[in-house]
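Geometric and topological summary
Spelled out, the chains give:
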Amino acid sequence: MITQQQIESIIDAVVAELKRQGIDGRGVQLNTPTINLDLPDITASEYRTRSYVENVRKPDVLRALMQTTPARIGIGHAGPRYRNIPQFIFWADHAVTQDALFKEIDPTLLQQFNLFEVQTQASNRQEYLLRPDLGRKLSDAARKTLQEKCIKQPDVQVYVSDGLSAAAIEHNLRDIFPVIQQGLAQAGLKMGTPFYVKYGRVGLLNDVNSVVDAKVVVTLIGERPGLGRAEAMSAYMGYKPQPDSTDADRDVVCNIFNGGTNPLEAGAYVVEYIKRMLKHQASGIKLKLMEQEQNK
Ligand code: B12
């Protein structure tokens, strides 16, 4: 049993130690120390490529293995948990993902391409994330706006959507959009009125086409961001999307960014895809089967 006197002597000893370190009995710093905020950037490549495993038997082999993949290997452990630096890098990368999910598109980009904005039935980002079904339907206001502003029955309707990363649109639209526009013009194809949809999902292709009635509909949409990678965009497309069309009726050109599928090349590839769809009057699995049949 510890006595009152012993408790007081422990407290006295702790207070004496704090005073020695420059902190008074109420926890207030007596001599304000200088805080150095000039911390190293732990997201820099030197921290990412370094091995955090202790006592590696064959460091060269581990280094070579680490160079083969961006996956988080060689990060070591401190008991059951991650070591500090890999943990901090993970949190920093996760922050990039969160930022991408919640980022709003830069309005000047929409102006640059004359994209007017409409919204799906998701009323905010939280609802969009929890209810994918709402991201596949135009709001009543959006439907009315598209009725008023869009030309009907174009050969190709292209529209842009934030999807899961508005950052992806900001990174790639300036490169890919003109290539698609020029490619379609050169092929003599009539392009619909382009626009921007906030909170869109891939399946929105169907609802959009119930208004514009295009032969091919393409959405340039932000992909689900990976850890630390938010700039990848996809082009999902389908031939005459109907209310009951599924992903089996669609095609995708994915991973579009400088470092993945180059956006300029992706634009040309999308145009080629569209031509194939128009030629076979099909997309998705049907298109593949028809092309296979033709090549027999
Ligand atoms: C999430 C995801 C899935 C999820 C989708 C679930 C969901 N509700 O989100 C699941 C696990 C079901 C999935 C399945 C498949 N997927 Co997937 N998927 C992805 C991933 C990681 C992200 C997609 C994304 O961000 N979409 C954008 C958001 C906004 O769309 P969304 O409306 O929320 O979700 C729709 C799309 O994701 C779509 N979708 C997902 N995968 C695929 C694949 C194809 C070919 C199509 C047309 C549509 C499609 O399905 C969702 C519902 O409509 C991508 C990787 C990438 N780099 O993009 C691969 C990716 C798109 N998938 C791919 C593939 C191959 C498939 C499968 C065909 C695998 C298989 N053999 O079964 C199936 C097809 C399923 C389908 N929908 O018909 C490939 C496509 C390659 C290509 N160029 O054709 C990718 C690029 C991965 C890769 N690098 O290989 N996928």
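Located above this text is the structure these notes cover.
What you see is a predicted model; the values in this text were computed from it and never measured. (Residues numbered from 1 in each chain as written. Predicted model: local features only at pLDDT ≥ 70, side-chain atom pairs only at ≥ 80, totals over all residues.)

Remarks on the overall build of the protein chain
Per the secondary structure count, the protein chain includes 11 helices and eight strands. In terms of overall dimensions, the protein chain is more spread out than a globule: its C-alpha atoms have a radius of gyration of 28 Å, far above the 19 Å expected for 296 residues. The buried share of the protein chain, taken over its 296 residues, is 31%. A separation of at least 24 residues holds for 67% of the contacts in the protein chain among residues at least 6 apart in sequence. (Helix = DSSP H or I, 4+ residues; strand = E, 2+ residues; numbered from the N terminus. Rg over C-alpha atoms; globule rule 2.2 N^0.38 Å. Buried ≥ 20, exposed ≤ 12 C-beta atoms within 10 Å, placed from the backbone. Contact = placed C-beta atoms within 7 Å.)

Examining the packing of helix α8 (residues 166–186) against helix α10 (residues 263–280)
At a closest axis distance of 8 Å, the pairing of α8 and α10 adopts a crossing angle of 30 degrees. Regarding α8 and α10, the two cross each other, and that crossing is right-handed. Between α8 and α10, the residues in contact are Asn 172, Asp 175, Ile 176, Val 179, Ile 180, Gly 183 and Leu 184 and Pro 263, Leu 264, Ala 266, Gly 267, Ala 268, Val 270 and Val 271, respectively. Here the contact of α8 with α10 is built from residues that sort into 10 nonpolar, three polar and one charged. (Axes fitted to C-alpha atoms, helices over the stretch in contact; angles between N-to-C directions. Left-handed = near helix turned anticlockwise from the far one by under 90°. Nonpolar A, V, L, I, M, F, W, Y, C, P; charged D, E, K, R; others polar.)

Focus: helix α4 (residues 84–102)
Between its terminal C-alpha atoms α4 stretches 27 Å, which fits the 27 Å expected from 19 residues at 1.5 Å a residue. Among the residues of α4, those classed as buried are Pro 86, Ile 89, Ala 100 and Leu 101. Axial view of α4: buried residues confined to an arc of 125 degrees, hence all on one face. Exposed and facing more than 90 degrees away from the buried side of α4 are Asn 84, Trp 91, Gln 98 and Phe 102. Where α4 is buried, its residues contact α2 (45–49), β2 (81–82) and α8. (Expected span 1.5 Å × (residues − 1). Arc of directions from axis to C-beta.)

Overview of unusual backbone geometry
The backbone of Lys 240 shows a phi angle near 40 degrees, a positive value even though the residue is not glycine. Its identity is not glycine, yet Gln 281 carries a phi of approximately 50 degrees, on the positive side. On the basis of neighbour count, Gln 281 is assigned to the exposed category, with 12 C-beta atoms found within 10 Å.

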